[in-house]
Amino acid sequence: MKIGIIGCGVISGAYLRGAGRSSRLSVASVADIDASAAGAQAEAFGVRSRTVEALLADPQIGLVVNLTVPAAHAEVSGRIIEAGKHVYSEKPLGVSAAEARRLIALAQARGVRIGCAPDTFLGAAHQASRALIDAGVIGTVLSGSMSVLSRGMEAWHPNPDFFFRPGGGPVLDLGPYYVTQLVNLLGPIASVAATSGMGHASRTIGSGPRAGETVPVTTPTSYSALLTFRGGARISFEASWDVWKHQRVPIELYGTEGSLLVPDPNFFGDEPRVSRRGGDWERVDISAYAFGTPNRTLRTGRAVADHRSIGVVDMVSAIAEGRAHRADAGLALHVLDVLEAIDASASSGAFVEISSTCERPEPLPAGSDEAVFDTAVRSARAS
């Protein structure tokens, strides 16, 4: 399938690299409100740069990836849907669950699909973790903890303003990775309770042409939440951009038969660890699953598996097969409901019930490449 990309900021490079590795989709053109940004990415990746209007009018493009800033997600996705094209949005689906619901209704009326990041839960580390839970290795999950803690985005992002405005903050920006992974592992969430705070009134940009410029902070930058799942598990969640250093594991799950340490859901790989009935921690081999191989080096020098765009590949494969795709609108809406409820609970001091629910995404079978998305391959391996 030929796809288009709207939004040529920092994250677009990951999607363009991912699309270049796929045999199932190709980027026909990119667009951005800043024509120079679109032109730079088009030149870097050998694709065509066009206006948003021209991209949406192209009959050869069947799906458009929306990589605009969060506040523009719903408006741009609505334009894509009105053009009769499937849309895959960067997270979150919208800055409110209400606008996400309107977007889903529009897509249903137009007969097109919505997909939404994150797709990291499809990575090898997270599918291996899912397999352990589904096999009952740690029994019934009773409780656990989850944390995403750092100093914030301003040190490395050249234009971090939107991270510190309403619609930004660590819960809406990074929370989707973590909450989506928990729904993948444990199913939908029933209620949340939370508190929040703001560590600093402003941030100083540390890189790029605006280095040294001060950005005002107008949204909370630290949250503490308790997530109660429909299956009964209770998970504490710490999300903060006010932490210099820590030793917290991204996700720890405590079950009736053991404990599981789950790697960072912002990436696709790394090794989970499991303890059975209080035994020593065992490293979990993830090599049987696709999308766990390191392919990117961070600023810190750490090699990570970053296979962003495989959610788009699964969506394209699902459209061709007539099946459901995994990073779908129902999952994205439920996650957004939870994130919105965390903020509402922090503001009100009360528990907030989650009105939506969703199905756990179908797990991926063992395999080495994007053929794991084929129904025929899954059926053959199951037999």
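Just so it is clear, the model here is predicted, and its values are computed rather than measured.

## Some thoughts on the pairing of strand E11 (residues 222-229)
Phase 1: Strand direction decides the pairing type here: strand E8 (residues 189-197) and E11, joined by 8 bridges, are antiparallel. Residue pairing across strands places Val192 opposite Leu227, the latter belonging to E11.
Phase 2: Relative to strand E12 (residues 234-240), E11 is paired through 7 bridges, and the arrangement is antiparallel. Each bridged residue has a counterpart across the sheet, and for Leu226 the counterpart in E12 is Ser236.
Phase 3: In sequence, E11 turns back onto E12 through a hairpin of 4 residues, with Gly232 there showing a positive phi of about 110°.

## Considerations on helix H1 (residues 12-21)
Phase 1: Here H1 lies mainly inside the structure; 7 of its 10 residues are buried.
Phase 2: Check the buried side of H1 and you find it contacts strand E1 (2-6), strand E2 (26-31), helix H2 (35-45), strand E4 (61-66), strand E5 (86-89) and helix H8 (310-321).

## Quick look at the nonpolar core
Phase 1: By size, the foremost hydrophobic cluster in this structure holds 113 residues, and its most contacted members are Leu186, Leu227, Phe237, Leu253 and Ile342.
Phase 2: Per element, the largest residue contribution to this core is 11 residues, and it comes from helix H9 (residues 329-348).
Phase 3: Once residues within four sequence positions are removed from consideration, Ile342 is found in contact with Val171, Val192, Ala194, Tyr223, Ala225, Leu227 and Phe237.

## So, unusual backbone geometry
Both trends apply: most residues other than glycine have a negative phi, and most peptide bonds are in trans.
Phase 1: Following Lys91, the chain continues to Pro92 via a peptide bond in cis, the omega torsion being -10°.
Phase 2: Relative to the helices and strands, Pro92 resides in the loop between E5 and helix H5 (97-110).
Phase 3: Cis geometry marks the peptide bond from Ala117 to Pro118, where omega comes out at 10°.
Phase 4: Residue placement: Pro118 occurs in the loop between strand E6 (114-116) and helix H6 (124-134).
Phase 5: The backbone phi angle of Phe291 is positive, close to 65°, even though this residue is not glycine.
Phase 6: Relative to the assigned elements, Phe291 resides in the loop between strand E16 (282-283) and strand E17 (296-297).
Phase 7: A relative accessible area of 12% means that Phe291 is categorised as buried.
Phase 8: Of note in the backbone geometry, Ser309 takes a positive phi value of approximately 110° without being a glycine.
Phase 9: Structurally, Ser309 is set in the loop between strand E18 (303-304) and H8.

What counts and what doesn't
Residues numbered from 1 in each chain as written. Predicted model: local features only at pLDDT ≥ 70, side-chain atom pairs only at ≥ 80, totals over all residues. Heavy atoms only, no water. Pairing = 2+ DSSP bridges. Helix = DSSP H or I, 4+ residues; strand = E, 2+ residues; numbered from the N terminus. Buried < 20%, exposed > 50% of the residue type's maximum accessible area, 1.4 Å probe, protein only. Contact = heavy atoms within 4.5 Å. Core = buried A, V, L, I, M, F, W, Y, C linked by side-chain atoms within 4.5 Å.

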